[in-house]
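Examination of the molecular architecture
This is what each chain is made of:
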Amino acid sequence: MDARLEAIRDTVLARNPGEREFHQAVIEVFESLGPVHDRHPEFLEGAVLERLCEPERQIIFRVPWTDDAGSFQINRGFRVEFNSALGPYKGGLRFHPSVNLGIIKFLGFEQIFKNALTGMPIGGGKGGSDFDPRGRSDAEIMRFCQSFMTELYRHIGEYTDVPAGDIGVGGREIGYLFGQYKRITNRYESGVLTGKGISWGGSLVRPEATGYGTVIFAEEMLKTRGQSFDGQRVVVSGSGNVAINAIAKAQALGATVVACSDSSGYIVDEAGIDVALLRQIKEVERGRLKDYEARRSAVSYVEGGSVWDVDATVALPCATQNELGGDAAARLVRNGLLAVGEGANMPSTRDAVAVFQEAGILFGPGKAANAGGVTTSALEMQQNASRDSWSFAHTEERLTEIMVGIHARCAATADEYGDPGNYVLGANIGGFVKVADAMLAQGLI
Ligand code: NDP
Ligand code: 2IT
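Calculation rules
- Residues numbered from 1 in each chain as written.
- Chains lettered and ligands numbered in written order.
- Predicted model: local features only at pLDDT ≥ 70, side-chain atom pairs only at ≥ 80, totals over all residues.
- Heavy atoms only, no water.
- Near = heavy atom within 4 Å.
- Polar contact = N/O pair within 3.5 Å; in protein donor to acceptor, adjacent residues only side chain to side chain.
- Areas by Shrake-Rupley, 256 points an atom, 1.4 Å probe, with all protein chains shown as cover.
- Helix = DSSP H or I, 4+ residues; strand = E, 2+ residues; numbered from the N terminus.
- Nonpolar A, V, L, I, M, F, W, Y, C, P; charged D, E, K, R; others polar.
- Buried < 20%, exposed > 50% of the residue type's maximum accessible area, 1.4 Å probe, protein only.
- Pairing = 2+ DSSP bridges.
- Right-handed = clockwise from strand over helix to strand, strands pointing away.
- Phe/Tyr/Trp six-rings, centres within 6.5 Å; stacked < 30°, edge-to-face > 60°.
- Lys NZ or Arg CZ within 6 Å of the ring centre and 35° of its normal.
- Contact = heavy atoms within 4.5 Å.
- Disulfide = S-S within 2.5 Å.
- Expected span 1.5 Å × (residues − 1).
- Axes fitted to C-alpha atoms, helices over the stretch in contact; angles between N-to-C directions.
- Salt bridge = Lys/Arg side-chain N within 4 Å of Asp/Glu carboxyl O.

**Concerning the site of ligand 1**
Around ligand 1, a shell composed of 25 residues is seen, among which Asp166, Thr210, Ser263, Arg288 and Asn345 lie nearest. At 2.9 Å from an oxygen atom of ligand 1 is found a main-chain nitrogen or oxygen belonging to Ser239. Between an oxygen atom of ligand 1 and a main-chain N or O atom of Ala319, the distance comes to 3.4 Å. Considered on its own, ligand 1 offers 890 Å² of accessible surface; in the complex 82% of this is hidden by protein. Those elements giving two or more residues to the shell around ligand 1 turn out to be helix H9 (206-223) and helix H10 (241-252). Partitioning the shell around ligand 1 into residue classes produces five nonpolar, 13 polar and seven charged.

**Quick look at the site of ligand 2**
Near ligand 2 you find 14 residues, and of these Lys90, Lys114, Asp166, Arg206 and Ser377 are the closest. The side chain of Lys90 places a nitrogen or oxygen atom 2.7 Å from an oxygen atom of ligand 2. Note that an oxygen atom of ligand 2 is positioned 2.9 Å from one of the side-chain N or O atoms of Arg206. Coverage of ligand 2 by the protein amounts to 94% of the 300 Å² it exposes when considered alone.

**Details of the pairing of strand E4 (residues 124-129)**
Both faces of the sheet carry side chains from a regular strand, because those side chains alternate between them. Most of E4 is tucked away: six of the six residues are buried. By the alternation rule, side chains of E4 split into Gly124, Lys126 and Gly128 and Gly125, Gly127 and Ser129, which are all buried. Bridging between strand E2 (residues 72-83) and E4 involves six bridges; their strand directions are antiparallel. Looking across to E4, one finds that Arg79 is bridged to Gly127. Inspection of the sheet shows strand E3 (residues 89-95) paired to E4 by three bridges, in the parallel sense. Following the sheet pairing, Arg94 is matched in E4 by Gly128. Note that the unit made of E3, helix H6 (residues 101-118) and E4 has a crossover that is right-handed.

**Notes on unusual backbone geometry**
Backbone geometry places Val205, a non-glycine residue, at a positive phi of 80 degrees. Tracing the chain through its elements places Val205 in the loop between helix H8 (171-185) and H9.

**Digging into the packing of aromatic side chains**
Per the stated rule, a full pass over the model turns up 17 aromatic pairs. Residues Phe95 and Phe144 carry aromatic rings whose centres are separated by 5.1 Å and whose planes lie at 85 degrees to one another, so their mutual orientation is edge-to-face. Within this pair, whereas Phe95 is found in strand E3, its partner Phe144 is found in helix H7 (residues 138-152), the two being separated by 49 residues in sequence. Here a set of aromatic residues connected by ring pairs shows up, and it is made of Phe61, Trp65, Phe95, Phe131, Phe144 and Phe148. Over the ring of Tyr417 we find Arg39; its NZ or CZ atom is 3.9 Å from the centre of that ring. Lys249 extends its terminal NZ or CZ atom over the ring of Tyr212, reaching a point 4.9 Å from the ring centre.

**Here we look at the side chain of Ser32**
The residue Ser32 is located in the loop between helix H2 (20-30) and helix H3 (34-39) in this model. For Ser32, a relative accessible area of 5% puts it in the buried group. Among the polar contacts made by the side chain of Ser32, one reaches the side chain of Asn428 at a distance of 2.9 Å. Setting aside residues up to four positions removed in sequence, Ser32 forms contacts with Val424, Leu425, Asn428 and Ile429.

**Topic: the environment of Arg154**
Tracing the chain through its elements places Arg154 in the loop between H7 and strand E5 (161-164). With 27 residues separating them along the chain, Arg154 and Tyr181 place their C-alpha atoms 9.2 Å apart.

**Things to note about the state of the cysteines**
Scanning all chains against the criterion turns up zero disulfides. Considering cysteine sulfurs only, Cys260 is the nearest to Cys318, which forms no disulfide, with 10 Å between them. The class of Cys318 is buried, set by a relative accessible area of 8%. In this structure Cys410 is a free cysteine whose sulfur lies 17 Å from that of Cys318, the closest cysteine sulfur available. Look at Cys410 and you get buried, because its relative accessible area is 0%.

**A short note on helix H16 (residues 372-385)**
In this model H16 runs 20 Å from its N-terminal to its C-terminal C-alpha over 14 residues, within 8% of the 20 Å that 1.5 Å per residue would give. In terms of burial, H16 is largely enclosed, as 12 of its 14 residues are buried. Among the residues making up H16, those that are buried are Gly372, Gly373, Val374, Thr375, Thr376, Ser377, Ala378, Leu379, Glu380, Met381, Gln383 and Asn384. Buried residues in H16 make contact with E3, H6, E5, H9 and helix H17 (392-416).

**Quick word on the sheet that holds strand E6 (residues 233-237)**
Across the sheet, which stays open at both edges, the seven strands sit in the order E9-E8-E7-E6-E10-E11-E12 with mixed pairing between neighbours. Because the sheet does not close on itself, it has two edges, and the strands there are strand E9 (299-303) and strand E12 (362-364). Averaged over all adjacent pairs, the angle separating strand axes in this sheet is 15 degrees, with direction ignored. The pairing of E6 with strand E10 (residues 314-317) spans four bridges and is classified as parallel. Following the sheet pairing, Val235 is matched in E10 by Ala315.

**Points about the pattern of salt bridges**
Per the counting criterion, the structure on display carries 32 salt bridges. Residues participating in the shared-partner salt-bridge network are Asp2, Arg4 and Asp38.

And the structure:
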């Protein structure tokens with residue numbers, strides 16, 4: 001890494017002790033940025049990196065609520081408003097027991113570059129809570145969301161900060177959050193949240209968008225080698241929003257998705273995953289993946305273990321950060337892997353990324369490959385602003401166009417900086433330059 005960047009990196013790491021995932025995300029971006037600073041000394045003079053690594057605002061708050069037994073529960077809420085150079089802060093809310101400030105900061109930091117790559121007018125932010133929704137009733141989820149919004153509402157707004165979903169936050173939670181925002185503010189401000197229901201300001205395709213977008217990005221990568229999804233053997237991790245829609249799209253393009261997982265285990269279904277059954281179990285019944293085995297023949301469920309033990313030509317990690325390590329990456333590569341599209345945020349460890357890149361595997365990093373979700377959130381904001389609602393076909397066409405464009409921009413940037421096919425470099429530099437230019441233009445803020 002460039003010595004000037006190393007010094008800035010060391011200061012960032014020292015100023016944010018213990019924030020492991022944030023450090024990882026910062027290091028990965030800095031490793032790409034040496035050549036940009038050679039060409040653009042004004043970025044160093046303008047202290048762009050120092051500013052970029054310091055969130056504009058960080059909010060941490062108490063979330064008190066009552067469970068169904070009447071006991072008092074206390075969780076911690078976060079919203080990190082990272083960068084507004086390109087538009088209002090935009091990014092999801094994650095409800096998962098593992099959430100802490102370092103995780104929200106890594107997600108918010110990644111979001112800045114991702115959102116820049118979409119070409120839409122959105123800045124970067126992220127939030128969430130260490131609340132665990134697993135096993136909670138609808139009424140408990142509602143009370144939690146209402147309490148969370150009772151603090152969050154004062155910090156967000158259609159021109160300020162626009163949250164959406166992430167792990168543990170889907171349509172149900174966005175509904176409860178929106179209801180409470182409306183009640184407190186006495187404003188029907190559609191553009192304050194995205195991922196809303198279709199009848200009250202949501203956008204068609206938003207639920208499918210991240211998974212679909214990841215597959216569209218991976219298809220573009222495969223095309224550069226004269227290949228496509230048709231006939232590929234695909235393994236997907238996770239079985240939530242992103243995973244299910246990635247499976248659906250990959251199969252629509254002719255692939256066979258043979259395995260997917262949750263945090264308890266994975267299923268192998270050599271005939272190709274039955275998406276309707278998977279949706280029924282995960283989205284309607286809110287059940288566990290284990291339930292799939294009994295309802296379809298010739299399926300094996302493996303409790304514990306790693307879904308990356310299943311061979312694939314295309315791997316789509318769609319669960320969570322650091323879920324695919326160096327050993328798993330090496331095993332996949334030995335067994336015929338062609339491409340990786342990250343549906344999740346930072347699912348591959350740094351070791352795994354190095355293995356993929358050294359082996360010449362097509363590797364689409366999350367900040368580019370999973371940008372379809374936030375892209376469609378921005379399309380939802382656009383529809384809200386014009387009080388319009390678009391058809392599924394039109395919205396999907398826009399999403400496809402933008403994902404193809406992100407792929408092309410990452411590829412062209414990698415070429416421009418002398419490392420063709422390096423989508424990590426392309427995504428980091430492509431996103432960074434856009435944000436850096438806007439920051440310089442807006443003065444020292
Ligand atoms: P969901 O909550 O719908 O699904 C998450 C899935 O990942 C579940 O199958 C869950 O299993 C599994 N999972 C979550 N945490 C862990 C963990 N610590 N270890 C193992 N498995 C885990 O979330 P999404 O599908 O929305 O999000 C998945 C990933 O995609 C995240 O990285 C998110 O940041 C990213 N993403 C999401 C976008 C969106 O629009 N929703 C947009 C862009 C990226 P279990 O049920 O057992 O917990
Ligand atoms: O990581 C992500 O890009 C998301 N969770 C979606 C953010 C959004 O605002 O739609």
